[in-house]
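Listed below, chain by chain, are the residues.
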Amino acid sequence: MAGMNMISAAQRFHAYANPARFMALSARLLMPLAALTALLTGAGLWFALAASPPDYQQGETVRIMYVHVPSAWLAMMGYGVMAVASAVALIFRHPLADVCAKSAAPIGAAFTFLALLTGSLWGAPMWGTWWEWGDARLVSMLVLFFLYLGYMALWATIEEPVRAARAAAVLALVGSINLPVIRYSVVWWNTLHQPASVFRMDGPTIAPSMLLPLGLMGAGFTLLFVTLLLVRMRAEILRRRVRNLRLAQAGGAGEV
Amino acid sequence: MAEFFHMGGYALFVWPAYGAALLVAVALIWQSIADYRAQARLVETLEKAAGGRVRRAAHRQSGEDPS
Amino acid sequence: MTRAFFALLARDLRLAVRLGGGGGMAVFFFLVVISLLPFGIGPDRELLAKVAPGMLWVALLLAALLTLDRLFQADYEDGSLDLLTMGLLPLELIVVAKALGHWLTTGLPLVVAAPLLGLMLNLPGEAYPPLILAMLAGTPALSFLGAIGAALTVGVRRGGLLASLLVMPFYVPVLIFGVGAADAATGGFAGEAGRQSLLLLGAVALASLVLGPLGGAAALRANLR
Amino acid sequence: MTRAFFALLARDLRLAVRLGGGGGMAVFFFLVVISLLPFGIGPDRELLAKVAPGMLWVALLLAALLTLDRLFQADYEDGSLDLLTMGLLPLELIVVAKALGHWLTTGLPLVVAAPLLGLMLNLPGEAYPPLILAMLAGTPALSFLGAIGAALTVGVRRGGLLASLLVMPFYVPVLIFGVGAADAATGGFAGEAGRQSLLLLGAVALASLVLGPLGGAAALRANLR
Amino acid sequence: MTISELSLSVRDLACERGGRLVFEGLSFSLRGGEALVLTGSNGAGKSSLLRQLAGLLDVAQGVMAFEGGDPELSLGEQAHYVGHLDALKPSMTVMETVSFWRTYLGSIPEGADTALEALGLAHLADLPAAYLSAGQRRRLSLARLIAVPRPVWLLDEPTVALDAASVARLVALMTSHLGQGGMIVAATHLDLGLAEARQLRLGAEALT
Amino acid sequence: MTISELSLSVRDLACERGGRLVFEGLSFSLRGGEALVLTGSNGAGKSSLLRQLAGLLDVAQGVMAFEGGDPELSLGEQAHYVGHLDALKPSMTVMETVSFWRTYLGSIPEGADTALEALGLAHLADLPAAYLSAGQRRRLSLARLIAVPRPVWLLDEPTVALDAASVARLVALMTSHLGQGGMIVAATHLDLGLAEARQLRLGAEALT
Ligand code: HEM
Ligand SMILES: Nc1ncnc2c1ncn2[C@@H]1O[C@H](COP(=O)(O)OP(=O)(O)OP(=O)(O)O)[C@@H](O)[C@H]1O
Ligand SMILES: Nc1ncnc2c1ncn2[C@@H]1O[C@H](COP(=O)(O)OP(=O)(O)OP(=O)(O)O)[C@@H](O)[C@H]1O
Ligand SMILES: [Mg+2]
Ligand SMILES: [Mg+2]
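Predicted model only: the values in this text are computed from it and were never measured.

J.: Teacher, can you tell me more about the overall build of chain C here?
T.: A tally of regular secondary structure across chain C gives nine helices and zero strands. Mapped in sequence order, the helices and strands of chain C form the string α-α-α-α-α-α-α-α-α. For chain C, with 225 residues in total, the buried portion stands at 64%. Looking at chain C alone, contacts between residues at least 24 apart form 82% of all its contacts between residues at least 6 apart. When the accessible area of chain C is evaluated, it comes to approximately 7,200 Å², of which 71% is carbon and sulfur surface.

Spelled out as structure tokens, the structure:
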């Protein structure tokens, strides 16, 4: 009968974070978030494109870094958010958790795509190749992209939201072993790609003139991620309400 | 200005990177908002079409307070 | 409990053989894929030898992928899976029995057939031992990781393709290390690199033996209610 | 009669899209296969470019093969096929509708996606036009020839693999001429050889448009009684 | 549906399945407005006979003659067959399913609602078939009978999974079909309660 | 099978399928030797309730308590569930099917014949399931009930496709199971004719 206790515990949990409260809260947050996103990204772009010096080695191509690196960070963070939300959804059956995981996927996939694309655009002048199959970081990043696509495909294919949520959560968790592989690929394998220079144990090793635009863009992208996540979660909650309304109209649920 | 767009000879790499980022961001933002609006419209029409009884049921089942 | 486990395994093997879906079919498929590839690449023997281990591995992967939907889908569709979960065997062990059955009817026969196909592809002699060792280590991983994908898509009608897609990212490491182990031997710089790939492959295989049943059982639980 | 034909086609397209088994899925599979292949062959870029058209075709074939069982098996298993044959539409046209639906949801999207994948495999620019032309001619042949294999194995439970095996020999000419058409362009000796391959491919495609419905209908008749 | 006087006569029919003879020497004849109820123990060959009539199973021996319908069409093309399998696609809605069969079997797609109403499915029209209960699925299969007019109905245990109200509804539909000159062959283990139905008991001597 | 006094009590059970509430506030209790017959129109939730009892469907709300059985096992692990699907493998023979379930569910494989005889399938023992008629398939599914002793039987329309003789046989088996202190929950649209069965009518107010 452990299952029974579980359910009532979960239901108690629902009371604290129900979708209605989320809708009210997120509605108030959206505008300020959007404004802040625009501000930070705008400033970041100014520094990235105009107010920062070219690299002494890489020349002007270094400017690609200001989109590439934040995209790569968010690609990974997106999956991280998805994985954590999935764990919460599986363990606590929190109704917002799987909405959050589902909504994070397309955003994360978009950033992954951007990281791959800008990386290729950077690689062409720097490494003399668009793509390198032998490089663990590039390959694990591509795998991440496939994981995102598979995750979204799974959601799209299973019709019942409850079932889809649980299956997708299992996939997200199993796939999360790829994250450390991406992060440490540069350490474990001998790669073309350079090792971490910002988030290191011993502090960043990057010039402050580059750190500023990178930081601004990173913050801007993160805020963009959060804002979009909120919008998509709201849309998802509405989608479920539409579904319930349709089903209720089809009859059956009439006897509530 | 021309020098700015020239990007030290790497314009072909730098601008597409920023262009793609812009494109992806705009597409994502546009799609998210359009989806939200579409769902909101649907909820409105469905709720108008349905009686109060059904609306209560739907709220109940999406775990919301009937507000 | 062990009796139930072996009863399930025996049933799956029997069904595979009866349906003609057993070893013979997998090997035949493998053979056809391998013989299609030269048409695609052209008859250049050097080129063929160079890409042979990779081709063998890719064909192996595809054969495994193609048969994934045999794992749970049939049992789900006719209601057997419901009854299997109502027995005393834990869901994790059900997944193990199924994955093991899958390996015995697809992976193992392919490993046995691989040398023959290497011959067709002009693979040099010294590449065989590491290739076969790598296959022995890698093919169970294909079945056990595959079980997760199959479990995730159980109940999704025509989920076969979807299962392949979900599983492919997980197959990538197996492929890389598997080819690495064989390539190292062919490329002459045997010893270290090859041994390392083999060890990594072993690690992946061991991890999959744990991850497969756990993930598979979790996915089944999610899908069957 | 034409109404019945289009009703069937529309239903199949709708089902393909709803199940997520439609175009998107096939393209995704194609993408994954293409990105697996380099792991197998290794990162040598010259080698990759050399084998790229062959790889593209082999992946195309596999994607088509993998989805063959969607053609008749599902309709057989749930009893729909019985009812479809009791309508006024001749069996041959039923096969045409099914094969056409298959092409629209797998072949066509793959042709559209192929250039992107060529890019990933480092395919030289001048190879694209002949490659795409060849694919446009070749993919319908894959669906229509595939229909014969699918019809032959309908009713055989888990006949998917068997159908693949039966169909493969028929796919070989498509593969050879298809690769020929693209290779001719890459190899520099464009013009004559390429055009000839393309013509032959066209002939194969036309033949399959006749053979597929006739053979498929005959096989269905044999299998359904 | 304008049905002239229909008549079906079956003489000396035999059926073989999996190499075994299921029945032989079966003869009966039926005219428009009449129903034939097939009974018999499990395995007697009721389903096999219905499939033979529908043209879905080879006739091992014997003759089937159908007259009064469209001479260009086979019996199967003028008959509805409702078998053990329900031919439903889980992802298609109730309405889509009926509309498809209407168009495919030769009527215009409009007017499918009357069929749904006749089977009491109207309120489920937008639900995918995957969400239906066993009896609702069965009713959806039966909706074909109304959606497309065909003179002959071949029904294999049509009342399976139906609740009492639905059985009554089905019997009413069958009666009205007979009243219009149609013909019904139905296999069943229960008493359908059709007013005037002829009985054919298969293989009384067969192993159960 | 030594059954002490069994008791099953269900309180305030709710069931949700595809986001819709099928029933709620359902309560009943049952003791060993008693049968509960579920009735109700199509879509009322009979099958859903049985799947919940078998542990095959999530319980949206409410409590199910089963006492008197093995305290280490869940209700599903002490119950037989015979649903709409028959769980047969076309290529396995009748005998192989029953033997497999005996071994898998925890008995020795020998002695499967008594189960076949109880359901009148002994003469079909070596036939692959693909060759069975609808009623024969159903009987093969039901053979599990006898092949492996389990105290609780959950039966979803068990008489579907059975001929009159087989129905009588099944009722006799059910009666004897109850006599041994077992428990039965069965959904049906027909009168099973069980001597003393309690009735539970689901969703009388539900749309059909
Ligand atoms: C398609 C190709 C590429 C992919 C998939 C890729 C992927 C990544 C990823 C995932 C990260 C985040 C790592 C972390 O935070 O742990 C990253 C960071 C970075 N990448 Fe790339 N990259 C690519 C090409 C390039 C190229 C060509 C360059 C420069 C020559 C480059 C320079 C950098 C730099 C400087 C960082 C920041 C490292 C740090 O400070 O932590 N990348 N890349
Ligand atoms: N696909 C098949 N292949 C071979 N034999 C079959 C097949 N289907 C049925 N049979 C056999 O044919 C005989 C008649 O089967 P049929 O299904 O016609 O019986 P039925 O009268 O409909 O029985 P029920 O009342 O159980 O539905 C049975 O003995 C059965 O074993
Ligand atoms: N897989 C499913 N997904 C979503 N909803 C379902 C599913 N199966 C059934 N339902 C819905 O749940 C309700 C109850 O179904 P259930 O199968 O329990 O009914 P039942 O009482 O067994 O009916 P019947 O007498 O027709 O078998 C129905 O309204 C049905 O539409
Ligand atoms: Mg029958
Ligand atoms: Mg039911």
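J.: I would appreciate a short explanation of unusual backbone geometry in the present structure.
T.: Residues apart from glycine generally show negative phi values, whereas peptide bonds are mostly found in trans. Positive phi, close to 55°, is recorded for Arg 93 of chain A, a residue that is not glycine. Locating Arg 93 of chain A in the fold gives a position in the loop between α3 (65-92) and α4 (95-126). Arg 93 of chain A sits in the partly exposed class, given a relative accessible area of 36%. For Glu 157 of chain E, which is not a glycine, the phi torsion comes out positive at approximately 45°. Among the structural elements, Glu 157 of chain E can be located in the loop between β6 (152-156) and α5 (164-179).

J.: Please clarify how the coordination of the magnesium ion (ligand 5) should be interpreted in this entry.
T.: Around a metal, the perfect tetrahedron of four donors has angles of 109.5 degrees, and the perfect octahedron of six donors has angles of 90 or 180 degrees. Residue and element names in this part refer to chain F. Summarising the metal site, the magnesium ion (ligand 5) is bound by the protein donors Ser 47 (OG) and His 84 (NE2), whose distances to it range over 1.9 to 2.8 Å. With a gap of 37 residues between them, Ser 47 in helix α1 (residues 46-54) and His 84 in the loop between β5 (79-82) and α2 (94-104) connect regions that are remote in the sequence. Overall, His 84 belongs to the partly exposed group, its relative accessible area being 39%.

J.: In this structure, what is going on with the sheet that holds strand β8 (residues 197-201) of chain E? I would like to understand it.
T.: By way of backbone hydrogen bonds, the strands of a sheet pair with one another, either parallel or antiparallel. All names here are of chain E. Strand order in the open sheet made by the five strands is β5-β6-β7-β3-β8, with parallel pairing throughout. A strand with exactly one partner marks an edge of an open sheet, and here the two such strands are β5 (79-82) and β8. Sheet twist, expressed as the average angle between the axes of neighbouring strands with direction ignored, equals 15°. Here five bridges tie strand β3 (residues 35-39) to β8, and the two strands are oriented parallel to one another. Bridging from a neighbouring strand, Val 37 pairs with Gln 199 of β8. Its contacts with the sheet put helix α4 (residues 134-147) on β5 and β6, and the angle it makes with β5 is roughly 175°. Relative to strand β7 (residues 183-187), α5 is tilted by about 145°, and along the sheet it contacts β3, β6 and β7.

J.: Help me out: how do you make sense of α5 of chain E in this one?
T.: Along an α-helix, residues three or four positions apart point the same way, because every turn accommodates 3.6 residues. Residues and elements named next belong to chain E. With 16 residues, α5 should cover 22 Å at 1.5 Å per step; its first-to-last C-alpha distance of 23 Å lies within 8% of that length. Among the residues making up α5, those that are buried are Ser 166, Leu 170, Val 171, Leu 173, Met 174, His 177 and Leu 178. Each buried residue of α5 sits inside an arc of 160° when the element is viewed along its axis, so together they form one side. Among the exposed residues of α5, those oriented more than 90 degrees off its buried face are Ala 164 and Gly 179. Once α5 ends, the next one or two residues include Gly 181, with phi positive near 95°.

J.: What exactly am I supposed to notice about the site of ligand 3 here?
T.: In the region of ligand 3, 22 residues are neighbours, and Tyr 131, Ser 133 and Gly 135 of chain E together with Ser 47 and Ser 48 of chain F sit closest. Nearby residues place ligand 3 at the junction of chains A, E and F. One of the backbone nitrogen or oxygen atoms of Lys 46 of chain F is found 2.7 Å away from an oxygen atom of ligand 3. Its free accessible area being 640 Å², ligand 3 has 92% of it covered by the protein chains.

J.: Explain the side chain of Asp 78 of chain C to me, please; I cannot follow it from the model alone.
T.: With respect to the helices, strands and loops of the structure, Asp 78 of chain C is situated in the loop between α4 (73-77) and α5 (80-85). A polar atom in the side chain of Asp 78 of chain C sits 2.7 Å from the side chain of Ser 80 of chain C. Once residues lying within four places of it in the same chain are set aside, the contact partners of Asp 78 of chain C are Leu 85, Asp 86, Ala 87, Leu 88 and Lys 89 of chain F.

J.: Would you mind going over the packing of aromatic side chains with me for this structure?
T.: Each aromatic ring pair is summarised here by two numbers: the centre-to-centre distance and the angle between the ring planes. Scanning the model with the defined rule gives 12 aromatic pairs over all chains in all. Ring centres 5.5 Å apart and planes at 70° place the aromatic pair Tyr 79 of chain A and Tyr 148 of chain A in the edge-to-face group. Placement of Tyr 79 of chain A in helix α3 and of Tyr 148 of chain A in helix α5 (residues 136-157) is noted, with a sequence separation of 69 residues between them. Taking relative accessible area as the criterion, Tyr 148 of chain A reaches 0% and is therefore assigned buried. Ring geometry for Trp 101 of chain F against Tyr 104 of chain F: centres 6.0 Å apart, planes inclined by 85°, an arrangement best described as edge-to-face. Of this pair, Trp 101 of chain F and Tyr 104 of chain F are both found in helix α2, three residues apart, which corresponds to roughly one turn of the helix. Each member of the pair, Trp 101 of chain F together with Tyr 104 of chain F, is buried. Site record: aromatic cluster; members linked through ring pairs are Phe 100, Trp 101 and Tyr 104 of chain E. Its guanidinium or amino end placed over the ring of Trp 101 of chain E, Arg 144 of chain E lies 5.9 Å from that ring's centre, counting from NZ or CZ.

J.: Sorry if this is basic, but what is going on with the pattern of salt bridges here?
T.: A pair can form between side chains of opposite charge whenever their charged atoms are brought close. This model, assessed by the stated rule, comprises 31 salt bridges over all chains. Here Glu 236 of chain A and Lys 102 of chain A are joined by a salt bridge, their closest N and O atoms 3.2 Å apart. Taken together, the residues span a long stretch of sequence, with Glu 236 of chain A in helix α8 (residues 208-249) and Lys 102 of chain A in helix α4 at a distance of 134 residues. Take Lys 102 of chain A: its relative accessible area is 23%, and that puts it in the partly exposed class. Of the charged contacts in the structure, one is a salt bridge between Glu 92 of chain C and Arg 221 of chain C, with a shortest N-O distance of 3.4 Å. Remark: Arg 221 of chain C occurs in helix α9 (residues 191-224) and Glu 92 of chain C occurs in helix α6 (residues 91-120); sequence separation between them is 129 residues. When its relative accessible area of 24% is taken as the criterion, Glu 92 of chain C is described as partly exposed. Residue classification places Arg 221 of chain C among the partly exposed residues on the basis of a relative accessible area of 36%.

J.: Please explain the side chain of Thr 39 of chain E as it appears in this structure.
T.: Structurally, the position occupied by Thr 39 of chain E is in strand β3. On the accessibility criterion, Thr 39 of chain E (14% relative accessible area) is buried.

J.: Looking at this structure, how should I read the sheet that holds strand β1 (residues 7-17) of chain F?
T.: Residue and element names in this part refer to chain F. Taken in spatial order, the three strands of this open sheet run β2-β1-β4, and their pairing is antiparallel. Each having just a single partner strand, β2 (20-31) and β4 (61-67) make up the two edges of the open sheet. The average angle at which neighbouring strand axes cross in this sheet is 20°, direction not considered. Where β1 lies against β2, eight bridges are found, and the strand directions are antiparallel. The partner of Ser 9 across the bridge, within β2, is Ser 29. Contacts from α1 reach β1, β2 and β4, with the element oriented near 120° to β1.

J.: Can you walk me through a nonpolar patch on the surface in this structure?
T.: Residues and elements named next belong to chain C. A cluster of nonpolar residues, Leu 206, Leu 209, Val 210 and Leu 214, forms a patch on the protein surface that exposes about 380 Å² of accessible area. With respect to the element layout, Leu 206 can be found in helix α9. Take Leu 206: its relative accessible area is 57%, and that puts it in the exposed class.

J.: Sorry if this is basic, but what is going on with the site of ligand 1 here?
T.: All names here are of chain A. Close to ligand 1 lie 22 residues; His 68, Arg 183, His 193, Gln 194 and Ser 197 are nearest. Here a nitrogen atom of ligand 1 and a side-chain polar atom of His 68 are 2.8 Å apart. Here Arg 137 contributes a side-chain N or O atom positioned 3.4 Å from an oxygen atom of ligand 1. Among the secondary structure elements, those contributing two or more residues to the shell around ligand 1 are α3, α4, α5 and α7 (178-188). In terms of residue count, the dominant contributor to the shell around ligand 1 is α4 (six residues). In terms of residue class, the shell around ligand 1 is built from 13 nonpolar, seven polar and two charged.

Each value, and the rule that gives it
Residues numbered from 1 in each chain as written. Chains lettered and ligands numbered in written order. Predicted model: local features only at pLDDT ≥ 70, side-chain atom pairs only at ≥ 80, totals over all residues. Heavy atoms only, no water. Helix = DSSP H or I, 4+ residues; strand = E, 2+ residues; numbered from the N terminus. Buried < 20%, exposed > 50% of the residue type's maximum accessible area, 1.4 Å probe, protein only. Contact = heavy atoms within 4.5 Å. Areas by Shrake-Rupley, 256 points an atom, 1.4 Å probe, with all protein chains shown as cover. Donors = N, O, S within 2.8 Å, 3.2 Å for Na, K, Ca; no water. Pairing = 2+ DSSP bridges. Axes fitted to C-alpha atoms, helices over the stretch in contact; angles between N-to-C directions. Expected span 1.5 Å × (residues − 1). Arc of directions from axis to C-beta. Near = heavy atom within 4 Å. Polar contact = N/O pair within 3.5 Å; in protein donor to acceptor, adjacent residues only side chain to side chain. Phe/Tyr/Trp six-rings, centres within 6.5 Å; stacked < 30°, edge-to-face > 60°. Lys NZ or Arg CZ within 6 Å of the ring centre and 35° of its normal. Salt bridge = Lys/Arg side-chain N within 4 Å of Asp/Glu carboxyl O. Patch = residues over 30% accessible without salt bridge, like charges linked within 9 Å, V, L, I, M, F, W, Y side chains within 5 Å. Nonpolar A, V, L, I, M, F, W, Y, C, P; charged D, E, K, R; others polar.

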